[in-house]
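Observations on chain architecture
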Amino acid sequence: MLIFVSFFLLSQLVIIFFSSMLQRSYTDKSIEEKLLSVQNQCSILGNQILVYKFTIETSQDNLSAEIDQLANSWQGRILVIDPKYQIVKDTYTIDQGNYMVYDEVFRIMRGEKDRNIRMLDDYAEIIVPIVNADKVIHGAMIATVSLQDIVDTNEHIATQVRVLHVLFSLLSLIAAFIISKISVRGIEKLSGQLSELSEGHLDNININVYFDELTELTDSYNALIDKMRVTEESRQEFVSNVSHELKTPITSMKVLADSLLMQEDVPSEMYREFMSDMVEEIDRETKIINDLLTLVKTDKKSAELNIEPVNINALLELLLKRIKPLAAKRNIEVVFESFREVIAEIDEVKLSLAFSNLIENAVKYNNDGGNVHVSLNADHKFFYVKVQDNGVGIPEECQAQIFERFYRVDKARSRETGGTGLGLAITRNAILMHKGAIKLYSEPGEGTTFTVRIPLKRVS
Ligand code: ADP
């Protein structure tokens, strides 16, 4: 509506401006032409007056009639004034013989001006000198000319302009309607599709529009929708994974419990065995739930971090001390190498979790008798932790998904070692919360290296 009204008003303004300008310039030009022709005719007449020595006494009938005729043709009046300011000819005869006391006539006679024009409603008055061949002024003529013909023509043109105005207004009304329709059509389509979006349909917007701005807008919306779709898909996948993971231990427990119930006089050893299996499943369920809760906590913004200066050497040593007994059982050697003392501003709980996941994995996915090498270094901005093992490695095609929730390369092995598939997702979240980065290099059969980079000072 706004586009329609503004376009219409604008076109009206343009039409009014141009038509009034046109009319005015036409009027000015016609008056100018008319006055010029009057002036010319007056000077011709002036010549004749001088040639025939026209005076009030020697009134020449022929010339006098000619003057009358000329005045008539102009629907006006001509006064001829001699050098003594006496009116020797008045086509109205009223003032003939009288003396002219008119300031402008004095000026003309004195040669101060070569013409004087005065506009009066429908008339124009023009005063010109009568000059001889030697440019000496021998009197003046006052011609009053009717401009009625110009006024009439002007009115005629005005009527035509009005008709044209109405016609152009109609045209601009139609144009305004079409333009507003075209420009609004894209927006209407866009808002229609956007309201569908808010109802939950994540379809891409597709509108044929003629405006670059709208195309850009739809492109950015489509990019946003694509992103939302990916998020939605990963959310759905996550929910189905969570349900599946939580269901597995419960199904096992039900099978165990059912088989106990179905048998009569269950031997106590069997009863104990089944019950301990069930406890294992419960522990597994608890671990999944705990990992899920941790994941949710590390999914939040970095504002949730509990930052304090922490000695990273001490932190890693403590983690390694905890893992060593587990590694020793499988004859895996765990070595820590520190290149310098590092104090960094971090959330100790969250980063401990991240590093312990990496170190635990290096042990879990290692071969018996293998090695785990953990090193710590720093520069003026970051500290770097490297966890290197010579274990099973990760195939190239799995490396991109390794940080995704519930993703495991070898499901059976992960399950055997009590893995939930959430460890690396938690690790990556915790590192990203610290504005850090994690990278992975792995060769199947050779081993895996994770490198972590964390800023020494908190980055907000
Ligand atoms: P999980 O609880 O299964 O260990 P993670 O998220 O910690 O889950 O790891 C995901 C998967 O990545 C693991 O199941 C394993 O297949 C693979 N993985 C992680 N760390 C290593 C490693 N150091 N060596 C080989 N494979 C690894």
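Attention in this report is confined to the structure presented alongside it. All of these numbers come straight from a predicted model, not from anything done at the bench.

**Quick notes on the site of the ligand**
Residues in contact with the ligand amount to 22 residues; listed here are only the nearest, Tyr365, Ser414, Thr420, Gly421 and Leu424. Within the backbone of Thr420, an N or O atom sits 2.8 Å from an oxygen atom of the ligand. Notes on the ligand: free accessible area 530 Å², of which the protein chains cover 97%. Elements represented by at least two residues in the shell around the ligand include exactly α8 (348-364), α10 (423-433) and β12 (447-455). Tallying contributions element by element places α8 first for the shell around the ligand, with three residues. Residue composition of the shell around the ligand, grouped by class: 10 nonpolar, eight polar and four charged.

**Here we look at the side chain of Ser172**
Inspection of the secondary structure assignment puts Ser172 in helix α4 (residues 148-198). From its side chain, Ser172 meets the backbone oxygen of Ser169 in a polar contact 3.0 Å long. When residues no more than four places from it in sequence are discounted, the contact partners of Ser172 are Phe7, Phe8, Ser11 and Gln12.

**A look at the pattern of salt bridges**
Applying the stated criterion to the full structure yields 19 salt bridges. The salt bridge involving Lys34 is made with Asp149; its shortest N-O contact spans 3.0 Å. Residue Lys34 is found in helix α1 (residues 2-51), and its partner Asp149 is found in helix α4; the two are separated by 115 residues along the sequence. By relative accessible area, Lys34 is classed as buried at 17%.

**Brief notes about the packing of aromatic side chains**
A complete count under the given rule lists five aromatic pairs for this structure. Considering the side-chain rings of Phe17 and Phe18, the 5.4 Å spacing of their centres and the 75° angle between planes classify their relative orientation as edge-to-face. Looking at Phe18, the relative accessible area reads 46%, which means it is partly exposed. Here Tyr85 and Phe106 contribute two aromatic rings whose centre-to-centre distance is 4.9 Å and whose plane-to-plane angle is 80°, an arrangement assigned as edge-to-face. Of this pair, Tyr85 sits in the loop between β1 (77-81) and β2 (87-90) while Phe106 sits in helix α3 (residues 103-109), and the two are 21 residues apart along the sequence. On the accessibility criterion, Tyr85 (22% relative accessible area) is partly exposed. One Lys or Arg, Arg405, reaches over the ring of Phe238 and ends 4.1 Å from the middle of that ring. The side chain of Arg453 reaches across the aromatic face of Phe382, ending 4.4 Å from its centre.

What counts as what
Within any chain, residue numbers begin from 1 and follow the written order of that chain's sequence. Restriction of local features to residues with pLDDT of at least 70 applies here, the model being predicted, together with a cutoff of 80 or more for giving and counting side-chain atom pairs; totals for whole chains, interfaces and linings are based on all residues. Side-chain metrics in this entry use all non-hydrogen atoms of the structure; hydrogen atoms and water are not considered. One heavy atom within 4 Å of a molecule or strand is enough for the residue carrying it to be called near that molecule or strand. Identification of polar contacts relies on pairs of N or O atoms within 3.5 Å, with a donor-acceptor requirement for protein atoms, meaning one able to donate a hydrogen and the other able to accept it, and with residues adjacent in sequence counted only if both atoms are side-chain atoms. Each accessible area value is a Shrake-Rupley result obtained with a 1.4 Å probe; residue values ignore everything except the protein chains displayed when judging cover. Counting from the N terminus, the helices are DSSP H or I runs at least four residues long and the strands are E runs at least two residues long. Gly is placed with the polar residues, together with every amino acid not listed as nonpolar (Ala, Val, Leu, Ile, Met, Phe, Trp, Tyr, Cys and Pro) or charged (Asp, Glu, Lys and Arg). Here a residue-residue contact requires only that any non-hydrogen atoms of the pair lie within 4.5 Å. Salt bridge, as used here: a side-chain nitrogen of Lys or Arg that lies within 4 Å of a carboxyl oxygen of Asp or Glu. Working definition: with a 1.4 Å probe on protein chains only, accessible area under 20% of the residue-type maximum means buried, over 50% means exposed, and in between means partly exposed. Any Phe, Tyr or Trp ring, taking Trp's six-membered ring, that has another such ring centre within 6.5 Å forms a pair; planes under 30 degrees apart are called stacked, those over 60 apart edge-to-face, and the others tilted. Placement of a charge over a ring requires the Lys NZ or Arg CZ to be within 6 Å of the ring centre, with the centre-to-atom vector within 35 degrees of the ring normal.

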